Every structure is written in C-alpha cells, then in structure tokens.
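# Fold and geometry: a report
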Amino acid sequence: MSEENNTPHDEEENKDMNPEGNPEPDDNGRELDDKIVPLSGLYENWFLDYASYVILERAVPGLYDGMKPVQRRILHSMKEMDDGRYNKVANIIGNTMKYHPHGDASIGDALVQLGQKDLLIDCQGNWGNTLTGDSAAAARYIEARLSKFANHVVFNPKTTNWLSSYDGRNKEPENLPIKFPLLLAQGAEGIAVGMACKILPHNFIELIDNSINHLRGRKVEFYPDFPNGGMADFTNYNDGLRGGKVRVRAKINKVDKKTLTINEIPFGTTTTSLIESILKANDKGKIKIKKIEDNTAQDAEIMIHLPSGVSPDKLIDALYAFTDCEVSISPNSSVIDKDTPKFLGVTQILKTNTDNTVQLLKLELEIKKGELEEQWHFSSLEKIFIEKRIYRLIEEEETWEGVIGAIDKGLKPHIKHLKREVTEEDIVRLTEIRIKRISKFDSFKADEIINRLEDELKNVQHKLDNLIEHAVDYFKDLKKKFSAGKERKTEIKVFDNINASKVIIANRKFYVDKKEGFIGYSLRGAEFVQDCSEIDDIIIFFESGKMMVTKIADKKFVGKGIVHAAVWKRGDKRTIYHLFYKDGTGGPTMMKRFSVKSITRDKEYDLTKGTKGSKMLYFSVHPNGEREVVTVHLRPRPHLKRIRWDLDLGDLLIKGRSAGGNIVTKEIVSKITQKEVGGSTLAARKIWYDDVVGRLNDEQRGKFLGSFKGDDKILTLYSNGEYRLSHFDLSTHFDEDMIHIEKWNPNHALSCVYYDGEKDIHYVKRFECEVTTDKRVPFISDSEGSYLDVVSTAYQPRIKIIYNKLLKATKNLPDREVNLADFIDVKGMKSQGNQLTKLKVKEIVLDHKIEGDEPWPDEVKQEKKKEETSTESSNEEGSVEVEWDMTKKSDDDNPTLF
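In this report, we go over the structure that sits alongside the text. What you see is a predicted model, and the numbers here were worked out from it, not measured in a lab.

### Quick word on the overall build of the chain
A count of helical and extended segments in the chain gives 19 helices and 46 strands. Counting over 898 residues, the chain shows a buried share of 47%. Considering only contacts within the chain whose residues lie at least 6 apart along the sequence, 67% involve residues at least 24 apart. Element-wise, carbon and sulfur atoms account for 47% of the exposed surface of the chain, whose accessible area totals about 47100 Å².

Structure (structure tokens):
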C-alpha cells in the first residue's frame with residue numbers, strides 16, 4: 001500500500017496492528033478482532049429484530065384487510081387454485097408454502113381456524129367443532145373452496161398492491177382489497193413479543209348497518225356477537241380497548257326443581273371444559289350436583305341433575321359464581337397500520353374499514369371508467385376507419401411507416417369528437433382488423449355498442465359523483481345477499497353481581513370450643529353450631545362485651561370467654577342482638593338492641609361504652625328481629641320496694657353496635673332471665689324488581705313490588721299463557737318470556753282472553769290461582785295454534801276488540817270495548833270460559849296496564865296501604881341515656897341464658 005493512499009481511516013483500522021501487520025494481543029495473550037460484537041449487543045439487536053418480526057408478520061392482524069400474513073397467503077393461494085370445485089386441504093397447504101416460510105403445520109392450523117369462522121371458506125368434511133372442542137380431521141381428508149362472499153368482497157387484482165414472495169419467485173398481495181370490516185366480523189387473537197391482540201367477533205348484519213350509519217354521519221354503536229350464543233354484559237366493553245371487560249354467561253334454563261339445562265355456552269369455552277369446571281366446583285364443595293350429562297349434538301345441551309334439598313335458583317347463581325358458566329374476557333384491540341402497531345377502538349376500526357371500502361369502490365369505478373373510455377375510443381375509431389373507407393388509403397403504400405402515416409392522415413378530419421389523441425398503438429390495432437369483419441361491418445350495431453358504452457360511462461360517472469350513496473347501496477346489497485342465518489346469537493344483558501358467600505353450598509360443619517377459645521370446621525368433639533362454607537365469616541361475642549368478625553378456618557384461636565359464635569353475612573339487617581351490660585364497676589346497667597351490618601374483618605369492637613370494669617350481663621340473638629320479654633332481678637337491699645320486673649325489648653329502638661344504649665337501673669343487678677320471645681318487630685321486607693338485570697332486590701332499584709313477609713308470594717305471568725307463584729327470595733330467577741310481575745293477592749282473580757286454535761274462537765275466562773306451588777302453570781287451551789291475547793289482574797279489566805277491516809263481514813264494524821268483570825264471573829282455573837266473539841279479530845288489547853287502574857276491594861286496598869306505609873324501626877348509631885319505664889311486674893322466674 002502506497003503512503004499517499006494510507007488515509008486516516010486506514011490508520012484507525014490499523015491502530016491495533018503490530019509493525020508486522022498482525023493484530024495486537026490483549027492482556028490474556030489473545031489477538032483482538034475489531035469485527036467482534038459484544039454478546040450483549042448481539043442479543044439486543046436480535047431480540048428487537050425478532051420482536052418486530054413476530055408483531056408485524058405473525059401475531060397481529062392488518063388494519064385494512066383484517067388478516068394476519070398466513071391468512072392472507074392462504075386466501076391468495078385458494079384464489080389462485082380456484083376453479084369452483086373443492087380442493088384437498090393438503091393441496092391448499094402445499095400451494096400456500098410457495099408464499100409462507102413457516103411450514104405446513106402453521107398453515108394447516110390457520111386454515112382450519114378460518115374455516116371454522118364460517119365466512120370466507122366453504123368447508124367439506126370434518127372440520128372440528130368449536131362447541132365441543134373436537135379437532136378437525138387430517139388435511140388429506142377434508143376439502144375447501146372460497147365462499148361466494150369471499151369471491152365477492154375479498155379479491156380484485158386490479159386494485160391490489162403486489163410484493164415479491166420470500167424467495168422472490170412469486171408475487172403475493174401486500175393487503176387484500178377487502179370491501180368489508182372483516183377484522184371485526186371474524187375477530188382476531190395473537191400473542192407477540194411484548195404485545196398481544198384480542199379482538200372479539202361482531203355481528204355481520206350490525207357491522208353493515210353501522211357502516212351505513214358512519215357513511216350517513218349517524219352514531220356508530222355495536223357490540224360483539226359470539227358464535228356459541230349465550231348472554232353478555234358489555235357495560236365495561238370500553239370500545240374493545242385495553243382495560244375493558246366483557247362478562248359472558250351460559251344460558252341456563254330450569255326444566256324442573258331437580259333439573260337444569262345449559263343450551264348456550266360462553267365464548268372461549270367448550271362443552272368439555274365447561275363440564276370439567278362444574279365437576280371441579282362440585283368436588284371442592286362449592287356446588288352440589290347429583291350428576292351431569294352431555295347430550296350435545298349440533299347444539300349444546302348439558303343436563304345437570306340436582307340432589308334433593310338444593311335450590312335450582314341458588315345453584316344457577318353458584319354456577320355463574322364458581323364455574324365457567326360465567327367468564328370474563330378482556331379485549332385488547334391492536335392492529336398493524338402501515339407497518340406500525342396501533343391500539344384502535346373497534347369503532348375507529350369500523351370507520352377506517354368503511355372509509356377504505358369507499359376508496360376501493362372509487363378505485364374500481366375509476367378503473368372501470370378508464371376501461372370503458374378505451375372501449376369507446378377504439379369502437380369510435382373502428383367505425384371511422386371502416387365507414388370512411390380509410391383502409392383503402394394503405395393499398396398503394398409499400399412501407400410500414402407509409403401505412404401508419406396514411407391511416408393517421410385519413411383519420412384526422414374525423415377525430416375531433418374523440419376524448420383523447422390517436423396514438424400509433426391505436427393505428428396498429430386498426431391494421432389488425434380482419435377483412436371479414438370489415439366486409440360484415442354493421443353501422444347500426446356499431447352505434448348501439450357506442451351508445452351502450454356511453455350509458456355505462458354515464459352510470460359510472462354518476463356513481464363517482466355520488467360515491468357515498470354508491471357505497472351505501474353496496475353495503476345494502478351485501479346485507480341482502482349474504483345476511484341469511486347471520487342474525488345476532490348473543491343476547492345483550494346487564495348482569496347483577498353475585499355474592500359468592502350467599503350462593504356457595506354449606507359443605508362444612510362449624511364448631512366452637514368456648515372453653516379453650518377455638519373455632520373452625522375441624523374441631524371434632526367441640527360444640528356444633530351450624531353448617532357453613534369455606535369462605536364464610538364468623539361473628540363472635542365475648543363475655544367482656546367485645547365483638548369481632550373473622551374468616552372461617554379449619555382451626556383458629558380467637559380468645560376465651562366466647563358467649564356466641566355464628567356465620568355472619570355482610571349487610572344483614574334482619575338479625576338483631578339484645579345486650580345488657582354493667583357500665584364499669586360502679587356504673588348503671590345498660591341495655592341495647594342492635595344489628596351488625598358492616599365491619600372490618602379481625603378488628604375487635606367494644607359493644608360497651610369502654611369504661612374499665614364493664615362486663616356483659618345478658619346476651620341473646622334473634623334471626624328475624626323477634627321481640628323479647630326479659631325479667632330483671634336486683635340484689636335485695638333494705639330500701640328497695642321492687643327487686644324484679646319485666647322489660648319488653650320490642651319497644652326498644654334498634655340502633656348501631658356502637659350505641660351506648662339505655663339505662664335500665666343504677667341498682668346492682670343480680671341476674672337477667674328470658675321470659676318469652678314473640679313475633680318479629682321488623683317491618684315486612686320491601687322488594688323491588690329490576691327489569692334491567694331481571695332480578696329481585698331490596699335496594700330500591702326498579703319497580704316496587706310491595707312489602708313481603710311470611711308466606712307472601714310473587715305472581716309472574718308469561719306470554720305463552722302460564723303463571724307462576726314464587727317466594728320472594730332475592731335469588732329467584734325469572735324466565736325471559738315473562739310479561740308481568742307483581743305481589744300476589746289471593747283475593748284477586750286473573751282475567752284473560754285467549755284464542756283456541758282447535759275451535760278457532762276467542763274465549764274469556766276469569767279464575768283464581770288454584771295451584772300455588774313454585775312452578776309454571778298453564779291456564780289457556782293446550783291445543784295446537786292456541787295463544788294468549790291479553791291477561792290482567794285488574795279489579796275491573798277492560799279490553800278493546802279491533803276487528804279485521806279487510807274482511808267483508810267486519811269491514812264496517814267499529815272497535816268494541818268490553819268490561820271482562822261484567823262479561824263473565826270468576827270460575828275454576830280449568831274452565832274453558834265464554835266465547836268473546838265469533839267474528840274475525842285483528843287484535844285484542846287491554847285498555848290499561850296489566851294491573852289496571854280500577855280500585856281494589858276496600859279490605860284489599862286498606863291492607864295494601866298498610867303494607868306500603870309500614871317502615872322498619874331504625875335509628876342512627878348513638879347513645880341516648882334515659883331512665884327506662886319499669887311499670888310491669890312479674891313474680892315468674894326463668895333460667896338465665898347467661
């Protein structure tokens with residue numbers, strides 16, 4: 001190397017060389033190589049490359065066509081092979097390997113998943129079952145071809161941007177020109193490096209409707225729709241973005257008191273996984289079932305048989321709480337937009353896909369317009385060339401240039417009306433016209449062709465000028481052609497929150513060792529208290545006047561001096577505690593009546609005033625707020641005239657646990673004994689029905705049904721002509737065909753009008769509910785074609801008969817009003833009733849709501865008013881010290897409870 005060519009760069013490269021030109025050794029005697037990259041640097045670069053590759057090329061779908069690369073290549077390959085007949089999946093996989101570098105397994109799995117979505121691929125053979133989780137048959141046994149929908153919306157080589165395949169031998173599409181929000185229709189799921197995608201499937205028809213709404217500037221709103229059906233709560237969907245949550249439930253129906261059936265399962269589960277979760281919950285003791293059967297064929301059917309003593313309504317709630325009958329799905333809407341990962345909501349994806357469809361339709365129209373203009377241009381040239389006999393001008397020309405020039409010269413006087421200049425290529429095409437075609441040229445037909453092309457051009461230009469309306473028509477056409485069988489399958493509902501502690505089966509025995517201070521469900525030989533579950537809370541009261549709530553365990557030390565221990569439910573307003581205590585060593589005796597609704601777990605609460613030396617004198621528990629009479633015994637002293645008297649605690653206000661209570665006496669109390677326990681002092685329980693979630697509640701949500709106690713029942717009426725009398729338990733489930741709910745009044749008759757399909761007559765009947773068990777009872781004819789017109793619990797039900805005005809016999813008949821109470825008396829439930837009319841009726845409607853506007857009988861009205869105005873005795877937490885009125889006397893002694 002010459003000296004003048006030894007640049008500074010060369011010197012930098014040679015700085016570690018010795019004079020002989022060899023690399024200098026390092027401290028350990030090893031030669032240095034400037035091409036060596038540190039291992040940490042290699043991993044950093046490789047990881048970033050790998051992460052980018054997985055995100056862009058494997059896991060996350062594209063925004064515009066909704067496809068992952070493998071899916072895009074499969075569809076392109078199927079279009080390449082498409083001849084209208086089915087192809088073996090193995091052949092499709094083999095052909096796709098020209099474009100996809102990851103082998104046959106990934107292609108086969110992706111193809112089966114595409115086929116199971118039942119949208120783009122027409123499948124033949126055993127393609128597996130998403131309902132049961134069964135896998136597809138081997139690729140050599142199953143066949144596939146593109147569906148009509150795929151051929152209609154997915155492919156157009158004229159609007160496709162083509163790229164070289166991985167080996168450079170073939171061309172593949174960068175994006176398929178899909179004119180439909182396919183990504184939202186199919187959904188997508190994938191896990192990349194540091195990024196995940198989970199887009200839920202949406203309803204085909206609703207996507208089209210909302211695309212039209214977007215084009216017309218209206219509100220866009222839609223929610224997922226799952227192929228397995230079920231019910232879903234989309235309250236927290238969050239437009240499909242991160243942080244959202246969808247609750248999906250199976251549809252569980254109550255066949256009878258001992259049988260439940262599941263006909264639709266949640267998205268992401270199979271009948272096999274669902275049954276396994278139910279059996280697992282049963283083994284853990286969270287639910288209790290007798291046996292389970294899987295009768296799934298084309299549709300899901302799982303039969304659950306209940307043992308005796310298990311409430312079907314509570315079991316339904318427990319299935320939602322402890323099994324896969326309810327699952328929570330967290331969407332994560334991520335897409336690839338021009339080689340960039342983005343998080344977009346499903347609304348934005350729909351709008352982008354719709355706008356992209358408009359642009360593709362515009363591009364297709366522009367291409368078609370150009371093609372029509374070319375056809376019109378050459379047809380016009382051809383007509384001029386033949387009609388003006390320009391072809392004769394080339395007879396004497398001896399060179400090709402002379403021929404071209406002669407034709408060009410001959411055309412010039414006649415081409416002023418053409419839309420573009422005549423090129424040499426146009427003239428060459430004219431020279432290729434055969435003599436036979438010239439000799440048979442028909443000027444009239446040529447004009448017809450030109451006129452048809454002009455009409456088509458006008459039509460294309462009209463669509464370009466009204467592009468949005470053209471796009472709307474396109475989406476309407478899609479809906480008309482391909483929407484059959486694609487109606488919504490998942491029911492949109494709002495779910496109530498199920499309290500697991502209220503529905504879990506009591507599978508343990510709760511014991512307490514008062515002497516040693518232990519509680520638990522493994523204390524064999526200790527005092528049995530009650531059945532409990534593994535997640536229950538236990539409330540404990542001590543002799544010291546302290547109280548605490550703690551979680552149940554197999555064995556737990558809580559402290560000595562236990563007076564009472566039992567399972568405690570949060571928000572319990574019905575259990576009332578009675579307490580007498582001595583306030584300090586020389587203080588008065590206090591009494592209090594209180595409930596415990598909420599606490600901090602494992603915190604010790606003092607039920608006394610906290611004075612040093614305070615102690616409990618008497619304690620009792622009343623699960624339904626029963627009143628209690630106790631006898632107070634004083635220590636005899638010379639100046640005392642009365643050493644014993646009775647107190648009725650039912651007259652004492654119910655306060656909070658922190659209230660100090662009322663003064664009983666300042667004298668020394670020797671003992672307090674229970675004399676008698678009476679009825680509940682609590683008001684009847686007020687119940688509401690929330691029609692949004694379809695459940696009862698006592699939180700003032702929805703329609704107020706009334707105040708319930710004892711054997712009061714709820715009446716529900718159903719569209720198929722059945723009624724049901726159920727208890728007012730908040731866990732009660734109601735069927736979806738329910739049309740009315742109210743508190744049942746035994747003194748009220750049901751009035752109904754129904755059509756008897758066998759006799760072709762409308763009947764009226766009034767009856768009282770004779771069957772009062774908790775089951776649906778039919779009250780109209782069971783003959784085929786019978787149906788319920790109207791039903792009412794009103795005192796004076798009124799209906800309107802609207803006759804069929806299309807028939808000659810009833811054309812001029814005015815609508816007729818009928819008071820059913822005057823029309824027929826109350827009869828037995830099984831009676832047929834009286835004929836309403838023999839004429840043809842269009843419709844029979846109530847003149848009022850089902851409960852009616854008429855007054856009830858006086859005694860019923862007074863009872864209803866009394867129930868609605870009764871309130872539960874309650875007061876704020878606090879202490880009111882007043883001298884108790886001790887006017888009752890008794891000489892009866894009863895054994896003390898404490």
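### Examining the environment of leucine 717
Looking at where leucine 717 falls in the secondary structure, it is placed in strand β36 (residues 714–718). Remark: the alpha-carbon pair of leucine 717 and proline 778, spanning 61 residues in sequence, is separated by 10.0 Å. Apart from residues no more than four positions distant in its own chain, leucine 717 is found in contact with Glu722, Tyr723, Asp737, Met738, Ile739, His740, Leu750, Val791, Thr793 and Ile850.

### A closer look at helix α10 (residues 312–322)
Of all 11 residues that make up α10, nine are buried, and the element is covered over most of its length. All of the buried residues along α10 are Pro312, Asp313, Leu315, Ile316, Asp317, Ala318, Leu319, Tyr320 and Phe322.

### Examining the pattern of salt bridges
Scanning the model with the defined rule gives 48 salt bridges in all. Residue arginine 627 is joined to aspartate 648 by a salt bridge in which the shortest nitrogen-to-oxygen separation is 3.0 Å. Of this pair, arginine 627 sits in strand β29 (residues 626–634) while aspartate 648 sits in strand β30 (residues 644–648), and the two are 21 residues apart along the sequence. Note that aspartate 737 is salt-bridged to arginine 776, the shortest N-O span being 2.8 Å.

### Side note on the sheet that holds strand β45 (residues 834–837)
Across the sheet, which stays open at both edges, the four strands sit in the order β42-β39-β40-β45 with antiparallel pairing between neighbours. Here the strands that pair on one side only, and so sit at the sheet edges, are β42 (787–792) and β45. In this sheet, adjacent strand axes meet at a mean angle of 30° when their direction is disregarded. Bridge count for strand β40 (residues 761–767) against β45 is three bridges, and the pairing is antiparallel. The partner of tyrosine 763 across the bridge, within β45, is glutamine 835.

### Let's talk about the packing of helix α11 (residues 346–387) against helix α15 (residues 443–465)
Here α11 crosses α15 at 160°, and the two axes come no closer than 9 Å. By the angle between their directions, the pair α11 and α15 is classed as roughly antiparallel. Regarding α11 and α15, the two cross each other, and that crossing is left-handed. When its residues are assigned to classes, the contact of α11 with α15 shows nine nonpolar, five polar and 11 charged.

### Things to note about the side chain of serine 380
Secondary-structure assignment places serine 380 in helix α11. Leaving out residues up to four positions away in the same chain, serine 380 has contacts with His417, Leu418 and Ile450.

### A short note on helix α5 (residues 103–116)
Its 14 residues place the ends of α5 21 Å apart at the C-alpha level, agreeing with the 20 Å of an ideal helix rising 1.5 Å per residue. Ile107, Gly108, Ala110, Leu111, Val112, Leu114 and Gly115 are the residues of α5 that are buried. Looking at the packing, one finds that the buried side of α5 touches α3 (69–81), α4 (89–96), β2 (121–124) and α7 (182–186). Backbone geometry just downstream of α5 places aspartate 118 in the positive-phi region, at approximately 55°.

### Regarding the sheet that holds strand β33 (residues 685–690)
If you walk across this open sheet you meet the three strands as β34-β33-β35, and the pairing is antiparallel. If you trace the sheet from one side to the other, it starts and ends with β34 (695–697) and β35 (703–708), each paired once. Each strand of the sheet is rotated relative to its neighbour by a mean of 30°, with strand direction disregarded. Pairing between β33 and β35: five bridges, direction antiparallel. Counted as the bridge partner of lysine 686 is serine 707 from β35.

### Here we look at a negative patch on the surface
Residues Glu395, Glu396, Glu397 and Glu398 make up a contiguous surface patch of negative charge. Relative to the helices and strands, glutamate 397 is located in the loop between α11 and α12 (400–411). Glutamate 397 gets classed as partly exposed once you look at its relative accessible area, which sits at 35%.

### Notes on the side chain of asparagine 156
Counting through the fold element by element, asparagine 156 comes out in the loop between α6 (148–153) and β4 (162–164). Excluding residues that lie within four positions of it along the chain, asparagine 156 makes contacts with Pro177 and Glu364.

### Re the packing of aromatic side chains
Enumeration according to the criterion identifies 25 aromatic pairs in this entry. Ring geometry for tyrosine 223 and phenylalanine 234: centres 5.4 Å apart, planes at 10°, overall stacked. Taken as a pair, tyrosine 223 in the loop between α8 (204–215) and β8 (231–236) and phenylalanine 234 in strand β8 lie far apart in primary sequence, 11 residues in all. We classify tyrosine 223 as partly exposed; its relative accessible area is 25%. Ring centres 6.0 Å apart and planes at 20° place the aromatic pair tyrosine 577 and phenylalanine 619 in the stacked group. A residue pair is termed long-range when its members are at least 10 positions apart, and tyrosine 577 in strand β25 (residues 576–582) and phenylalanine 619 in strand β28 (residues 615–622) qualify at 42 residues. The pair formed by tyrosine 577 and phenylalanine 619 is uniform in burial state, with each residue classed as buried. Joined through ring pairs, the aromatic side chains of Tyr223, Phe226, Phe234, Tyr237 and Phe267 make up one cluster. The positively charged end of lysine 555 is found above the aromatic ring belonging to phenylalanine 518, 4.9 Å away from the centroid. The lysine or arginine in question, lysine 743, covers the ring of phenylalanine 708, its NZ or CZ lying 5.2 Å from the ring centre.

### Topic: the nonpolar core
With 92 residues, the main nonpolar core has Leu111, Leu120, Phe149, Phe180, Phe385 and Leu478 as its most contacted residues. If near-sequence neighbours (up to four positions away) are discounted, phenylalanine 180 is found in contact with Phe149, Ala185, Phe204, Leu207, Ile208, Thr357 and Leu478. In this structure, Ala250, Ile275, Ile278 and Ala300 belong to the second largest nonpolar core, which totals 29 residues.

### Details of the packing of α3 against α5
Where α3 contacts α5, the axes come no closer than 10 Å and their chain directions differ by 80°. When the interaxial angle is binned, α3 and α5 end up roughly perpendicular. Of α5, the residues touching α3 (which contributes Val70, Gln71, Ile74 and Met78) are Ser106, Ile107, Ala110, Leu111 and Leu114.

### A short note on the environment of lysine 709
The residue lysine 709 is located in the loop between β35 and β36 in this model. It is 10.0 Å that separates the C-alpha atoms of lysine 709 and histidine 727, two residues lying 18 residues apart in sequence.

### Side note on the environment of lysine 560
Tracing the sequence through the fold places lysine 560 in the loop between β23 (556–557) and β24 (562–568). Separated by 45 residues in the primary sequence, lysine 560 and lysine 515 have C-alpha atoms spaced 6.4 Å apart. Among residues more than four places away in sequence, those in contact with lysine 560 are Lys515, Glu516, Gly517 and Phe542.

### A closer look at unusual backbone geometry
Most peptide bonds are trans, and most residues other than glycine sit at a negative phi. Located in the positive-phi region is aspartate 239, a residue other than glycine, with phi close to 60°. A relative accessible area of 28% places aspartate 239 in the partly exposed class. Notably, aspartate 602 is not glycine yet its phi reads approximately 70°, a positive angle. One can find aspartate 602 in the loop between β26 (589–594) and β27 (605–606).

Rules of the game
- Residues numbered from 1 in each chain as written.
- Predicted model: local features only at pLDDT ≥ 70, side-chain atom pairs only at ≥ 80, totals over all residues.
- Heavy atoms only, no water.
- Helix = DSSP H or I, 4+ residues; strand = E, 2+ residues; numbered from the N terminus.
- Buried < 20%, exposed > 50% of the residue type's maximum accessible area, 1.4 Å probe, protein only.
- Contact = heavy atoms within 4.5 Å.
- Areas by Shrake-Rupley, 256 points an atom, 1.4 Å probe, with all protein chains shown as cover.
- Salt bridge = Lys/Arg side-chain N within 4 Å of Asp/Glu carboxyl O.
- Pairing = 2+ DSSP bridges.
- Axes fitted to C-alpha atoms, helices over the stretch in contact; angles between N-to-C directions.
- Parallel < 35°, antiparallel > 145°, perpendicular 65-115°, else oblique.
- Left-handed = near helix turned anticlockwise from the far one by under 90°.
- Nonpolar A, V, L, I, M, F, W, Y, C, P; charged D, E, K, R; others polar.
- Expected span 1.5 Å × (residues − 1).
- Patch = residues over 30% accessible without salt bridge, like charges linked within 9 Å, V, L, I, M, F, W, Y side chains within 5 Å.
- Lys, Arg positive; Asp, Glu negative; His and termini not counted.
- Charge placed at Lys NZ, Arg CZ, Asp CG, Glu CD.
- Phe/Tyr/Trp six-rings, centres within 6.5 Å; stacked < 30°, edge-to-face > 60°.
- Lys NZ or Arg CZ within 6 Å of the ring centre and 35° of its normal.
- Core = buried A, V, L, I, M, F, W, Y, C linked by side-chain atoms within 4.5 Å.

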